[in-house]
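Single-letter residue listing:
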Amino acid sequence: MSLLRQRKPTGTSNATESDPNICQEDEKKNKAASKDKNPKKQKSWSCIDSCCWLIGWICVTWWFLLFLYNAIPTSFNQYVTEAITGPVPDPPGVKLKKEGLTVKHPVVFVPGIVTGGLELWEGHQCADGLFRKRLWGGTFGEVYKRPLCWVEHMSLDNETGLDPSGIRVRPVSGLVAADYFAPGYFVWAVLIANLANIGYEEKNMYMAAYDWRLSFQNTEVRDQTLSRIKSNIELMVATNGGKKAVIIPHSMGVLYFLHFMKWVEAPAPMGGGGGPDWCAKHIKAVMNIGGPFLGVPKAVAGLFSAEAKDVAVARAITPGFLDHDLFPHQTLQHLMRMTRTWDSTMSMIPKGGDTIWGGLDWSPEECHSPSRKRQIANDTQIANENGSEVVVSQIKHVNYGRVISFGKDVVDAPSSEIERIDFRDAFKGQSVANSTCSEVWTEYHEMGYGGIKAVAEFKAYTAGLIIDLLHFVAPKMMARGDAHFSYGIAENLDNPEYQHYKYWSNPLETTLPTAPDMEIYSLYGVGLPTERAYVYKLTSAECGIPFQIDTSADDEDSCLKDGVYSVDGDETVPVLSAGFMCAKGWRGKTRFNPSGIRTYIREYDHSPPANLLEGRGTLSGNHVDIMGNFALIEDIIRVAAGATGEDLGGNQVYSDIFKCLEIKVLIDLGERPSPHQCIFLPRSLGGWPDNQMPDLML
Amino acid sequence: MSLIRRRKQNETSRPTRSDPSSIDKEDDNKKKIPAKDQNAEEIALKKLRKWSCIDSCCWLIGSICVTWWFLLFLYNAIPASFNQYVTEAITGPVPDPPGVKLKKEGLTVKHPVVFVPGIVTGGLELWEGHQCAEGLFRKRLWGGTFGEVYKRPLCWVEHMSLDNETGLDPSGIRVRPVSGLVAADYFAPGYFVWAVLIANLARIGYEEKTMYMAAYDWRISFQNTEVRDQTLSRIKSNIELMVATNGGNKAVIIPHSMGVLYFLHFMKWVEAPAPMGGGGGPDWCAKHIKTVMNIGGPFFGVPKAVGGLFSAEAKDIAVIRATAPGFLDNDIFRLQTLQHVMRMTRTWDSTMSMIPKGGDTIWGGLDWSPEEGYTPSKRKQRNNDTQVANEDDSEVVASQRKHVNFGRIISFGKDIAEAPSSQIDMIDFRGAVKGNSVANNTCRDVWTEYHEMGYEGIKAVAEYKAYTAESILDLLHFVAPKLMARGSAHFSYGIADNLDDPKYRHYKYWSNPLETTLPNAPDMEIFSMYGVGIPTERAYVYKLTPSADCYIPFQIDTSADDDDTPLKDGVYAVDGDETVPVLSAGFMCAKGWRGKTRFNPSGIRTYLREYEHSPPANLLEGRGTQSGAHVDIMGNFQLIEDIIRVAAGARGEDLGGDQVHSDIFKMSEKINLQL
């Protein structure tokens, strides 16, 4: 660095003497022969001169602004906001400190997929100089500099789901692992700062960072992460005078922590050997934020065709962009090759099959895109006296149960009219790929035209069939996944097969620990359209992925936009997945919750930031931005400082989660529901009162 | 940065004249082909004059920006190994770093490794602060770029200081150690501490699950790290976890600098029963620790600490003052830099852990010292001499040189330092009355305890003239009673007569190797690894500051110089690693703990590994791979190789036992310590 700077002055050193003279002369002449020569002068400027002049001018302005920016006090932003919108409320940490809340329970954060940083510990030649630099998170500078090298290092072994030989990429540890995902894009930072306001610091906050690419059990096998979390929770409980920990998992961390709770009490070689009362002794509350308990439909799209709404939209707007820009060729294929080696993505495939997600002709949710929600709410206030059937009939019926359909006509057709040809036994033809494509490995090439056609001809896939579909299109990946995850519903939870770790992260195939004093919260945002089902089409691409979301499929009446059907949720996780377990599956003493752990639902209605200065908003319900939601932070701080669920006010519900569940009752009792049974519950009714909750045979 | 750059560019505008004119010329030729050559030149000149001053400025800045970007681009474009190529071209092939070399030998991860950083090298970050520190939440106050020191110095001092009475947090301020490997891998950008060692360990397969940085708040006393942060419990729990998850392979501990004392404290704490200790039981160390590899450990403290506490200066600062008088008083802080620094450092209890221990028995009295006759600069010559003169008594060699009284750690005046003890007229300061405050009101905001001493006290201190290691303690008690009152609750500097005395179960003795026994762990090994061959501060010549109004009344007398003795700029130097004298780093492993002694009842084996300093061959080598300096030794290839071998399973005998360059064994002979 210093060498470089030295060189510069020598390049331009002789000039010193002449400079002032020139300037003086210039000024004199300018004054004398002033305006008439102006046009000439401008002409005489060469292109390079003007360029230099421009750059110089920009630099100076830039520096000046930078200087100003550094000179203004840090609270300037706040002043401006206050001037525009009136006094800003205190951040929850400050507010609650004034109320006298202080540190009580140690707090453990469990980050979700994608948000945790990963760094390089050993790499190939091409990753020279990146030792202990972040490959994931931070600035992602290396993605642009050496994309193929980056993909190579971020991928895992295709067979084992562990490190490829000669590469070790490891999770960053400590609070820095996931406080900011990229510079300025907070994940946990706001929550940490607010907890610090009432006295928290690193000795009573612990970030349970893990390698989110691995299957949950493999984090223990490779890194002993689960042991590490166990040991740290024990340490924090011991050094905080025996006060039990409050666990705050986010997104996939919710499933990871479910797995942990089973692991820690399971006997030694497979589990942590903590004994059957470990959770009762060490955990006060689990506050799940945006937990995809039953998986997310987005994961299906990701695994099936490496795209979700965002990618599909990007493709619709700028066709070709994705295929050329970042990577030399075939961006999506590279991405898919990489993500398919990540076992953890399979933890989020929808669980519970048709029972939960709906069959060909019914689904627990109805179409209520949030924009329309408020209108309807007004309608119902008037029409409330009539049977609720009236309200329902105003809404167009949508077959959300068909998570993947080929062609829009297939989605709308009644199930009897769809002609499905079973794909499962279809003969996989010769490789589609010619030799030029072979460097981009995806399993599609082994399927051949025959296989691809068979998939498309089956036409509509429900949640149960999605598993078969994925087995068909990606057999290697699903073979790995089967060893680590399961997607069913247990008939008999006492069956010894459920002691295997692959069931531990599926709430429908495990029981909660015996810890009657524990509390489980489900905190999530509502009011945002969330992906729920997809309309697909075949592509004619030679080396490309043969399936694509059909972005031309659009329907104003039925929540279909750009080929994606959406429901209420936090933009990633539908309400059903985030809320069902706490609303019903675990409520009271059920077979999934034998010790009757109390559950609470806390929903946060999304409202976008009022102006740009607010950044990502303090009232957001978005899957990640909710981590900065003041109401949510306040709830967490109160619990950390000792409050129970009842102190917070019990459930707080905006969506129609409870009402939708009624359908499940009927299913569980063996009655066949009519497709229109999920009734829209307007928010004016304030959710479903607790005492009217049907007592279920769960 | 940007401002400075801009100013430079203002002075460099020659290109304005030549470049544009020639370019213009070409341009013109293209546009007005019929124009004649003579005209062209005239026009060009005219045009030149039409440039306004601002335009040329802009032009200049523009061109410099472009050049800058271009060079930056080139810099980024060259491969990362470019530096290495250049070095190889100059000096021939560079040896493989030890990690690569040992990986080829087939070494892999075996024992988990724990790093214990020293004073100063660990990062500290802000968790709660006053108004003035707004926006610094979870930003580093110590370590990293130190940007805030320049932006808001007084605020920084306020937040880095601890409470003057308790030695804990001041109200409303929480500054906490950074955790994880990042706590001390780099002290400042580009200035490695543990990073090289970590990188080399990673080569043979280490990663975060097998490496642990035992970061602690190095400002507070060792026991207080447990009281406030439960750091000792944390270290215990993490070592237990790592041993358990690594198939029961015991841990290798690598403390550096003050971390050595901290880990001594830890080993006593962990086995002590519960309320005061960690309750790990009497065989915790035997079960969990394979080896303790102390790097540059100040087992008996360092004389530098005395200079720091007494007058907030050491050799470096004394030299700065000599070369640029006034600099320290004006530049960084508005006024009275040293006083502010002193006020801050005196609230840090940990500095007192490094006051010389063992008194005159270890450090020498008025007329003798263990190091007499062994000085670093002359050692190589002497080695040649002695090969010839070896048959004669070693006394002969010693008598050839001027006698140096290293035992007098502080002397007032050079003549005192050299005079035989019988000629020094010492007036006891201990009973002296402390007079009225020297400080007038304007000095109030800079609190140092000197102001309470008054002229009488200061004079009394100077009249005692020569202080040995034992009287240093009394001196510090006299000049800084509050500081030492806190210190004596946490540290002790004596030698135990009877180690079974129940009073030695108190934690204040745990970090003094002369007042504790090693744990009962016969399979454990203790290494002492340190650099030699660099002059190291050992004793000081002081003077009273002339006309100090608000200033610190004592100063190192930088005019004191002597070519015959290792006295330079008022500082006597001995062999060592620039901070820790050989005596302090080596004695315990060379003699105090060797074999079964009363300090080492279970006979833990000890090994000395000295590393001869040689400066880096050229600039590209940075801080060198063969350095022996206190911190730079962390990049010493030989030391790293030793550590990796031990971590991969080797024992002290496998490394070749002791490796000694200095006269540590001879010095140890002179110390009359009951073992």
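Residues numbered from 1 in each chain as written. Chains lettered and ligands numbered in written order. Predicted model: local features only at pLDDT ≥ 70, side-chain atom pairs only at ≥ 80, totals over all residues. Heavy atoms only, no water.

Participant: Is there a simple way to explain the overall build of chain A in this structure?
Facilitator: Regarding its fold elements, chain A presents 28 helices and 17 strands. Split into buried and exposed, the 698 residues of chain A put 58% on the buried side. Just so you have it, chain A exposes about 28500 Å², and 56% of that area is on carbon and sulfur atoms. (Helix = DSSP H or I, 4+ residues; strand = E, 2+ residues; numbered from the N terminus. Buried < 20%, exposed > 50% of the residue type's maximum accessible area, 1.4 Å probe, protein only. Areas by Shrake-Rupley, 256 points an atom, 1.4 Å probe, with all protein chains shown as cover.)

Participant: I keep staring at the overall build of chain B and nothing clicks. Help me out?
Facilitator: Looking only at helices and strands, one finds 28 helices and 17 strands in chain B. Across the 675 residues of chain B, 58% fall into the buried class. Relative to all contacts within chain B whose residues are 6 or more apart in sequence, the contacts with residues 24 or more apart total 75%. By element, 54% of the accessible surface of chain B is carried by carbon and sulfur atoms, the whole surface being about 27100 Å². (Contact = heavy atoms within 4.5 Å.)

Participant: For this particular structure, what's the right way to read the pattern of salt bridges?
Facilitator: Two side chains carrying opposite charge are able to pair once their charged atoms lie near each other. All names here are of chain B. By the definition in use, this model includes 44 salt bridges over all chains. Here Asp 169 makes a salt bridge to Arg 176, at a shortest N to O gap of 2.7 Å. In this structure Arg 176 comes out as buried when scored by relative accessible area, which is 5%. Residue Arg 609 is joined to Asp 642 by a salt bridge in which the shortest nitrogen-to-oxygen separation is 3.0 Å. Linking Arg 609 in strand S17 (residues 605–612) with Asp 642 in helix H26 (residues 637–647), this pair joins segments that are 33 residues apart in sequence. Side by side, Arg 609 and Asp 642 carry an identical accessibility label, which is buried. (Salt bridge = Lys/Arg side-chain N within 4 Å of Asp/Glu carboxyl O.)

Participant: Please explain the sheet that holds strand S1 (residues 113–116) of chain B as it appears in this structure.
Facilitator: Whenever strands of a sheet pair, they do so through backbone hydrogen bonds, lying parallel or antiparallel. All names here are of chain B. An order of S7-S1-S8-S9-S12-S17 is seen for the six strands of this open sheet, with the pairing classed as parallel. With one partner strand each, in any of the chains shown, strand S7 (211–213) and S17 form the two edges of the open sheet. On average, each strand axis in the sheet is inclined to that of its neighbour by 15°, with strand direction left out of account. In this sheet, S17 lies alongside strand S12 (residues 525–532) in parallel orientation, the contact comprising eight bridges. Paired with Val 532 across the strands is Glu 612, a residue of S17. The strands touched by helix H25 (residues 582–592) within the sheet are S12 and S17, with S12 carrying the most contacts at an inclination of about 155°. Set on the sheet, H26 makes contact with S1, strand S8 (251–255), strand S9 (289–295), S12 and S17; between it and S9 the angle comes to about 170°. (Pairing = 2+ DSSP bridges. Axes fitted to C-alpha atoms, helices over the stretch in contact; angles between N-to-C directions.)

Participant: It is not clear to me how the packing of aromatic side chains should be interpreted in this structure. Could you clarify?
Facilitator: Geometrically, a pair of aromatic rings is defined through the distance of the ring centres and the angle of the planes. Residue and element names in this part refer to chain B. Tallied over the full model, the rule gives 53 aromatic pairs over all chains. Ring geometry for Phe 412 and Tyr 542: centres 6.2 Å apart, planes at 45°, overall tilted. With a gap of 130 residues between them, Phe 412 in strand S10 (residues 410–412) and Tyr 542 in strand S13 (residues 534–544) connect regions that are remote in the sequence. Classification of Phe 412 as buried rests on a relative accessible area of 10%. Accessibility expressed as a relative area gives 1% for Tyr 542, which makes it buried. Here Tyr 507 and Trp 510 contribute two aromatic rings whose centre-to-centre distance is 6.4 Å and whose plane-to-plane angle is 65°, an arrangement assigned as edge-to-face. An identical accessibility class is assigned to Tyr 507 and Trp 510; each is buried. (Phe/Tyr/Trp six-rings, centres within 6.5 Å; stacked < 30°, edge-to-face > 60°.)

Participant: Explain the sheet that holds strand S3 (residues 134–136) of chain A to me, please; I cannot follow it from the model alone.
Facilitator: Residues and elements named next belong to chain A. The three strands lie next to each other as S3-S2-S4, forming an open sheet whose pairing is antiparallel. Of all the strands in the sheet, just S3 and strand S4 (168–171) have a single pairing partner and so form its edges. Sheet twist, expressed as the average angle between the axes of neighbouring strands with direction ignored, equals 45°. Where strand S2 (residues 118–122) and S3 come together, two bridges link them in antiparallel fashion. Bridging across to S3, Glu 119 finds its partner in Arg 134.

Participant: Explain the pairing of strand S13 (residues 528–538) of chain A here, please?
Facilitator: A regular strand places its side chains on the two faces of the sheet in alternate fashion. All names here are of chain A. In terms of residue burial, S13 counts as a mostly covered element, since eight of its 11 residues are buried. Sheet topology note: the strand S10 (residues 404–406)/S13 ladder contains three bridges and is parallel. Looking at S13, one finds that Ser 405 is bridged to Val 535. In this structure, S13 lies alongside strand S16 (residues 564–569), joined through six bridges in antiparallel fashion. Looking at the pairing, Thr 530 lines up with Val 567 of S16. Strand direction decides the pairing type here: S13 and strand S14 (residues 547–549), joined by three bridges, are antiparallel. Residue pairing in the sheet places Tyr 536 in a bridge with Ile 549 of S14.

Participant: Would you mind going over the state of the cysteines with me for this structure?
Facilitator: Two cysteines, two sulfur atoms, one covalent bond between them: this is a disulfide. By the definition in use, this model includes two disulfides over all chains. A sulfur-sulfur separation of 2.1 Å characterises the disulfide bridge that pairs Cys 126 of chain A with Cys 149 of chain A. Because the sign of the S-S torsion sets the handedness, a value of about 80° for the bond joining Cys 126 of chain A and Cys 149 of chain A places this disulfide among the right-handed ones. Here Cys 126 of chain A is found in the loop between S2 and S3, whereas its partner Cys 149 of chain A is found in helix H8 (residues 147–154), with 23 residues between them in sequence. Among the residues examined, Cys 126 of chain A registers a relative accessible area of 31% and is labelled partly exposed. With its sulfur 2.1 Å from that of its partner, Cys 132 of chain B forms a disulfide with Cys 155 of chain B. On the sign convention where negative means left-handed, the S-S torsion of about 80° between Cys 132 of chain B and Cys 155 of chain B marks this disulfide as right-handed. Taken together, the positions of Cys 132 of chain B in the loop between strand S2 (124–128) and strand S3 (140–142) and Cys 155 of chain B in helix H8 (residues 153–160) put the pair 23 residues apart, joining distant regions of the chain. Considering cysteine sulfurs only, Cys 589 of chain B is the nearest to Cys 285 of chain B, which forms no disulfide, with 15 Å between them. (Disulfide = S-S within 2.5 Å.)

Participant: What am I meant to see in the pairing of S12 of chain B here?
Facilitator: All names here are of chain B. Burial runs high along S12: eight of the eight residues are buried. Both faces of S12 are covered, namely the face carrying Glu 525, Phe 527, Met 529 and Gly 531 and the face carrying Ile 526, Ser 528, Tyr 530 and Val 532. Relative to S12, S9 runs parallel, the two sharing five bridges. Paired with Met 293 across the two strands is Phe 527, which belongs to S12.

Participant: For this particular structure, what's the right way to read the environment of Thr 225 of chain A?
Facilitator: Residue and element names in this part refer to chain A. Within the fold, Thr 225 resides in helix H11 (residues 225–239). Residue classification places Thr 225 among the buried residues on the basis of a relative accessible area of 4%. Note: C-alpha distance between Thr 225 and Tyr 210 (15 residues apart in sequence) is 6.3 Å.

Participant: Sorry if this is basic, but what is going on with the packing of helix H14 (residues 297–305) of chain A against helix H23 (residues 463–473) of chain A here?
Facilitator: For any two helices packed against each other, one specifies the crossing angle of their axes together with the interaxial distance. All names here are of chain A. Close contact between H14 and H23 brings their axes to 10 Å; oriented N to C, the two are set at 20°. With respect to H23, the axis of H14 lies roughly parallel. The element H14 and its partner H23 pack so that their crossing is left-handed. Between H14 and H23, the residues in contact are Val 300, Leu 303 and Phe 304 and Ile 466, Leu 469, Leu 470 and Val 473, respectively. (Parallel < 35°, antiparallel > 145°, perpendicular 65-115°, else oblique. Left-handed = near helix turned anticlockwise from the far one by under 90°.)

Participant: Even after reading the chapter, I still don't get the nonpolar core, so can you show me in this structure?
Facilitator: Nonpolar side chains in soluble globular proteins generally cluster together in the buried interior. Residue and element names in this part refer to chain B. With 163 residues, the main nonpolar core has Phe 115, Trp 194, Ile 410, Val 461 and Val 479 as its most contacted residues. The greatest single-element share of this core, amounting to 10 residues, is contributed by helix H12 (residues 258–271). Apart from residues lying up to four places away in sequence, Phe 115 is in contact with Leu 181, Trp 194, Leu 197, Ile 198, Leu 201, Met 211, Tyr 212, Met 213, Ala 214 and Ile 254. (Core = buried A, V, L, I, M, F, W, Y, C linked by side-chain atoms within 4.5 Å.)

Participant: What is the right way to read helix H23 (residues 469–479) of chain B from this model?
Facilitator: Each turn of an α-helix holds 3.6 residues, which means side chains three or four residues apart point in the same direction. Most of H23 of chain B is tucked away: eight of the 11 residues are buried. By the burial criterion, the buried members of H23 of chain B are Ala 469, Ser 471, Ile 472, Leu 473, Leu 475, Leu 476, Phe 478 and Val 479 of chain B.

Participant: Just checking my understanding: could you explain a nonpolar patch on the surface for this structure?
Facilitator: Side chains of Phe 64, Leu 65, Phe 67 and Leu 68 of chain A sit close together on the surface and give an oily, nonpolar patch of about 410 Å² of accessible area. Following the sequence through the fold, Phe 67 of chain A ends up in helix H4 (residues 47–71). (Patch = residues over 30% accessible without salt bridge, like charges linked within 9 Å, V, L, I, M, F, W, Y side chains within 5 Å.)

Participant: I'm lost on helix H12 (residues 252–265) of chain A in this one. Help?
Facilitator: Taking 1.5 Å as the rise per residue, H12 of chain A with 14 residues should run 20 Å; its terminal C-alpha atoms sit 21 Å apart, in good agreement. Most of H12 of chain A sits out of view: 13 of its 14 residues are buried. (Expected span 1.5 Å × (residues − 1).)

Participant: Looking at this model, I keep getting lost on the environment of Asp 494 of chain A. Mind explaining?
Facilitator: Residue and element names in this part refer to chain A. When you line up the elements, Asp 494 lands in the loop between helix H24 (475–484) and strand S12 (519–526). Residue classification places Asp 494 among the exposed positions, given a relative accessible area of 69%. Sequence separation of Asp 494 and Arg 591 is 97 residues, and the distance between their C-alpha atoms is 9.9 Å.

Any link to function would need more than the numbers given here.
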